[in-house]
Amino acid sequence: MAERYSSFAPGGTAWLLQRITAAFLVVVLAFHFFQLHFVNHAAEVTFAGTEVRMSNLGYFLTMVLFLIAGAFHGINGVYNALVNQGLEGTPKKVVLAVLTIAGVGLVVQGIWVALAMSGMIYQ
Amino acid sequence: MSQSYNRGLIEDFGRWKEFSAGMWAWIFHKFTGWMLIGYLFTHIAVLSTAIGAAQGETVEVFAEDLPNVEGTGLTEVDIYTATLGGLEGLFIVRLLEVGLLAVAVFHILNGLRLLMVDLGIGLEAQDKSFYASLILTGIITVASVPTFMMGVGF
């Protein structure tokens, strides 16, 4: 085996989840770009069009999973990058807490937005 | 088969002139990662106008100013359509979207490369696959420019 260069401690749950979300995001992020720039053009997006897309349950669930996977992958990536730079002790705990709150806030806000777009609330 | 060498401290960015391909891949992956998570927060903030739109919040706009609104003159549209149209009508936003695409495509391609590295596949070609990621990112980005810039110069 060659030397490991990864920023992540190997074998842990966070390490595994980072890879699983990565594999999911590769596919869905590519789909998202293709869907909203080539199939539908970003400049032509309207609330009515968004409502039609998001009222499809499969699309809605894919987008919510996309949000959760993206938020976890990004927040965990930032945390590990900072740990890699030498973050430790109390600052490490504070950063983890702040990032967790930001990540949970992002997911909650995003799900609220998704529900509003799908017509499941406010109708 | 087994080999290992001291790469030195990669976190010491002052050594950048000595960096090899794999070290640049590591730095680019972090840089694009930071940008993508930053964008995700911005993206959800902009899309949050859908909450107002779903509750019937509207604004008056000049239809000609927004690429996603039909008709002419002063028109009442929902806050989400007005916000997205207002942003998409700006050249700088479209240019930033091309930048976002480049960042996302590189992160995806280099991410695939990292998954392969993690699985121990093609380790001896890890530098070549980094160059391939860069070249492919360039090609996909350039090929997407006409679609991304439609209506603002193309």
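Residues numbered from 1 in each chain as written. Chains lettered and ligands numbered in written order. Predicted model: local features only at pLDDT ≥ 70, side-chain atom pairs only at ≥ 80, totals over all residues. Heavy atoms only, no water.

- For chain B, an unreviewed UniProt entry supplies the name Succinate dehydrogenase, cytochrome b556 subunit and the organism Natrarchaeobius chitinivorans.
- Among the UniProt annotations of chain B, the heading Subcellular location (unreviewed entry) holds the following wording: "Membrane". (UniProt positions renumbered as here; feature names shortened; annotations may be inferred.)

- An unreviewed UniProt entry lists chain A under the name Succinate dehydrogenase, with Natrarchaeobius chitinivorans as the source organism.
- Chain A has a UniProt comment under Subcellular location (unreviewed entry) that states "Membrane".

**Concerning the side chain of S133 of chain B**
Right, on to step 1. Note on placement: S133 of chain B falls in helix α5 (residues 126-148).
Right, on to step 2. Here S133 of chain B is in contact with F106, L109, N110 and R113 of chain B, once residues within four sequence places are set aside. (Helix = DSSP H or I, 4+ residues; strand = E, 2+ residues; numbered from the N terminus. Contact = heavy atoms within 4.5 Å.)

**A word on the domain arrangement of chain B**
All names here are of chain B.
Right, on to step 1. Assigned domains within chain B: domain 1 (49-89) and domain 2 (90-153).
Right, on to step 2. Measuring from the centre of the C-alpha atoms in domain 1 to the corresponding centre in domain 2 gives 32 Å.
Right, on to step 3. With 4 residues of domain 1 in contact, the opposing surface of domain 2 contributes 6 residues.
Right, on to step 4. Summed over both sides, the interface of domain 1 with domain 2 buries roughly 400 Å², with 36% coming from carbon and sulfur.
Right, on to step 5. On the domain 1 side of the interface with domain 2, the three residues burying the most area are L87, E88 and G89, jointly 89% of the side's total.
Right, on to step 6. The interface formed by domain 1 and domain 2 includes 1 salt bridge.
Right, on to step 7. With its nearest N and O atoms 3.1 Å apart, the salt bridge here joins E88 to R94.
Right, on to step 8. The interface formed by domain 1 and domain 2 includes 3 residue pairs in polar contact (both at pLDDT 80 or more).
Right, on to step 9. Split into classes, the residues belonging to the side of domain 1 that touches domain 2 amount to 1 nonpolar, 2 polar and 1 charged. (Domains from an automatic or database assignment. Buried area = accessible area lost by both parts, 1.4 Å probe. Salt bridge = Lys/Arg side-chain N within 4 Å of Asp/Glu carboxyl O. Polar contact = N/O pair within 3.5 Å; in protein donor to acceptor, adjacent residues only side chain to side chain. Nonpolar A, V, L, I, M, F, W, Y, C, P; charged D, E, K, R; others polar.)

**Looking at the UniProt feature "transmembrane region" (unreviewed entry) in chain B**
Residue and element names in this part refer to chain B.
Right, on to step 1. UniProt annotation of "transmembrane region" (unreviewed entry) refers to residues 91-109 and 130-152 when read in the numbering used here.
Right, on to step 2. In the segment residues 91-109, helix accounts for 100% and strand for 0%; the C-alpha atoms at its two ends are 27 Å apart.
Right, on to step 3. Helix makes up 83% of residues 130-152 and strand 0%, whereas the separation of the span's terminal C-alpha atoms amounts to 33 Å.

**Some remarks on the nonpolar core**
Right, on to step 1. Residues F33, M54 and M117 of chain A together with Y80 of chain B are the most contacted members of the largest nonpolar core, which totals 39 residues.
Right, on to step 2. Of all elements in the fold, only α1 (13-39), α2 (47-54), α3 (57-84) and α4 (89-118) of chain A together with α1 (21-47), α2 (49-54), α3 (79-88) and α4 (91-118) of chain B reach the threshold of two or more residues within this core.
Right, on to step 3. Residues from two domains meet in this core; each of domain 1 (49-89) and domain 2 (90-153) of chain B gives at least three.
Right, on to step 4. Here M54 of chain A is in contact with Y59, F60, M63, A114, M117 and S118 of chain A, once residues within four sequence places are set aside.
Right, on to step 5. Judged by nonpolar contacts, the second largest core, of 11 residues, contains A71 and V107 of chain A together with L40 and I44 of chain B. (Core = buried A, V, L, I, M, F, W, Y, C linked by side-chain atoms within 4.5 Å. Buried < 20%, exposed > 50% of the residue type's maximum accessible area, 1.4 Å probe, protein only.)

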